[in-house]
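Inside the fold
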Amino acid sequence: MSDQKLKPRLPRGLVDRGPAEIAATRRMLEKIQAVYERYGFEPVETPAIEFTDALGKFLPDQDRPNEGVFSFQDDDEQWLSLRYDLTAPLARYVAENFDALPKPYRSYRAGYVFRNEKPGPGRFRQFMQFDADTVGSATMAADAEICMMAADTMEALGIPRGSYVVKVNNRKVLDGLLESIKLTGPDNELKRLTVLRAMDKFDRLGRGGVQQLLGEGRKDESGDFTRGAGLNAAAIETVLSVFANVPASENKLAHIQARLKDSETGQRGLQELEEIWSLVNASGYGDGRVVIDPSVVRGLEYYTGPVYEIELTFQVQGGQDGTPRFGSVGGGGRYDGLVSRFRPEPVPATGFSIGVSRLQAALSYLGKLESTADLGPVVVTVLDRARIADYQRFVARLRADGIRAELYLGSGKMAAQFKYADRRNSPCVIIQGSDEQQRGEVQIKDLIEGARAAGAIASNQQWRESRPAQFAVPEASLVEAVREILARHGAR
RNA sequence: GCAGCUGUAGCUCAGUUGGUUAGAGCGCCUGACUGUGGAUCAGGAGGUCGGUGGUUCGAGUCCACCCAGCUGUACCA
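Residues numbered from 1 in each chain as written. Chains lettered and ligands numbered in written order. Predicted model: local features only at pLDDT ≥ 70, side-chain atom pairs only at ≥ 80, totals over all residues. Heavy atoms only, no water.

**Some points on the sheet that holds strand S11 (residues 306-312)**
- Ordered by their spatial adjacency, eight strands build an open sheet running S1-S5-S6-S13-S12-S11-S7-S10, and the pairing between neighbours is mixed. Two strands close off the open sheet at either side, each with one partner strand: strand S1 (42-43) and strand S10 (290-292).
- The strands touched by helix H4 (residues 140-156) within the sheet are strand S5 (105-114), strand S6 (126-135), strand S7 (164-170), S10, S11, strand S12 (328-334) and strand S13 (349-355), with S13 carrying the most contacts at an inclination of about 15°.
- Against the sheet, helix H10 (residues 264-282) makes contact with S7, S10 and S11, and its axis sits at roughly 145° relative to S7, the strand it touches most. (Pairing = 2+ DSSP bridges. Helix = DSSP H or I, 4+ residues; strand = E, 2+ residues; numbered from the N terminus. Contact = heavy atoms within 4.5 Å. Axes fitted to C-alpha atoms, helices over the stretch in contact; angles between N-to-C directions.)

Written out as structure tokens, the structure reads:
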């Protein structure tokens, strides 16, 4: 077919966003930003594109970028990539502007990041993160503060205390654990990865699933088989001990301490955890907002010490199987090696990101999000096409007074104009035909009030004759009357 | 990537053991209403049944392959 039309469509994992979602995102961003500002962080923004090597994302032993990142070659053949998080670009920025920045350097930024991975519910290939970092401070106080800020942010977003938890662990504890089951040396590199990955799946697969993955392997619902790490029973028991149902954070520390006796790395990790815990506790956040959880793994690359994860703990009502799981909505950790890739001196850093898109998807699914679009503009209708100049003058007066307003620019008759205004979520329309003009008046119809009245009216004739929520005011009072309607409906 | 399931109108779906011009609800457009949203009523537009090939007198229906979507799993720096 030569006259075949192009089919409008989006690649998977990408979404269009309408006014209601945009408004909801904006409200979220404002709340997050307010918390970060209060903690003394300042904004900085970097571009969406970086050199691939600056992101550190070449495949090992190959000159091709990792498939998980969107990459392309510049005119000069250099590889460029879309950022896949906001941390790596920040490290590049700090390294590049090192001498000009105050240290420790505390900054935040929001922006879209891109990952070429399989999308799912609340998982997109383009999504927004809100990130905050402290660069140039090695003290655990920086990490403790990040955790407390994460908790404050959740509450600022309207998530009640007890409906979220900030979990803290330390990569050194995990390394120590692997040491204690003798998974050391380069030969065991792959096994170590397999063990950590298995642990990371605890919330999804449960203890049994993780146990299978640590041992022989596991068959999923579709019958597909995943090979396990092949550990012996004693080693499996040691690894699973971190999932023990020990209620208090102090006890968790004690519980795991015994298993790490032989590992110096593990002991150091425990010390760091204890330090964070005492700082968090001193500020009162140890009441369940921030907890120690030795099972938190997080991504596998650049974290060097403490790692954090923000999790929603909502009980999803209707609790059958079909309900999606919204686990982690944010996380982060200490990445002491990332900036020093560019610098001669060591530059410790720690930070965390909130997955704004995912959190929004979760909140909206759970009905915890006010997802109403903002009110639309006041629409001035066109009854007499010869008098467009007059109508435009009404519009100009409203705008001059700071009120969103527009002239109906379509070609429809009255009914179409009302439908248009309705769809635009307009608070009211302005009408002036020859009758009103002679009396020096305009009709104002409150669409929101009118919609409410519609329920009680049976016939169309009655509806039209009663003209619900409609009234006349002198032309001179136009702005004032519209203001009243806006105020009544809580317009911002 | 691997596995399972599903592809019929913009959306949600019906379509008997293969049998004439492929249906419904919702939505959309127009009108009833020379100047009023909703409701109602009447009319209208919109589909080469995901694609290609095959079996058959005949395929939305059966078969093969491909494509897309969903779910699980792997990977996710």
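Back to the write-up after that little detour.
**Focus on the protein's contact with RNA strand B**
- In the vicinity of RNA strand B, 49 residues are found, and the nearest of them are Lys 57, Val 69, Glu 117, Glu 301 and Arg 464.
- Atoms of RNA strand B within 4 Å of the protein: sugar and phosphate make up 48%, bases the balance.
- Measuring from a sugar or linking oxygen of RNA strand B, one finds a side-chain N or O atom of Thr 226 at 3.1 Å.
- Take Trp 463: an N or O atom from its side chain is 2.7 Å from a phosphate oxygen of RNA strand B.
- Mapped onto the surface near RNA strand B, the elements with two or more residues apiece are helix H7 (202-214), helix H13 (414-423), helix H14 (434-439), strand S17 (441-446), helix H15 (447-454) and helix H16 (460-466). (Near = heavy atom within 4 Å. Polar contact = N/O pair within 3.5 Å; in protein donor to acceptor, adjacent residues only side chain to side chain.)

**Focus on the sheet that holds strand S14 (residues 378-380)**
- Overall, mixed pairing links the five strands, which are arranged S15-S14-S16-S17-S18 in an open sheet. Looking along the sheet, the strands with just one partner apiece sit at the ends: strand S15 (405-407) and strand S18 (470-474). The sheet shows a mean angle of 25° between the axes of neighbouring strands, direction not considered.
- Packed onto the sheet, H15 meets strand S16 (428-431) and S17 and runs at close to 55° relative to S17.

**Comments concerning unusual backbone geometry**
- That bond from Lys 103 to Pro 104 is cis: its omega, -5°, falls within 30 degrees of zero.
- Positive phi, close to 65°, is recorded for Lys 182, a residue that is not glycine.
- Positionally, Lys 182 belongs in the loop between helix H5 (171-180) and helix H6 (189-200).
- Located in the positive-phi region is Ala 469, a residue other than glycine, with phi close to 60°.
- Mapped onto the fold, Ala 469 is located in the loop between H16 and S18.

**Details of the side chain of Asn 188**
- With respect to the element layout, Asn 188 can be found in the loop between H5 and H6.
- A residue is classified by how much of its surface remains accessible, and Asn 188, at 19% relative accessible area, is buried.
- Within polar-contact distance, the side chain of Asn 188 engages the backbone oxygen of Thr 184 at 3.0 Å.
- When sequence neighbours within four positions are dropped, the list of residues in contact with Asn 188 reads Lys 182 and Leu 183. (Buried < 20%, exposed > 50% of the residue type's maximum accessible area, 1.4 Å probe, protein only.)

In short, shape yes, function no, at least from these values alone.
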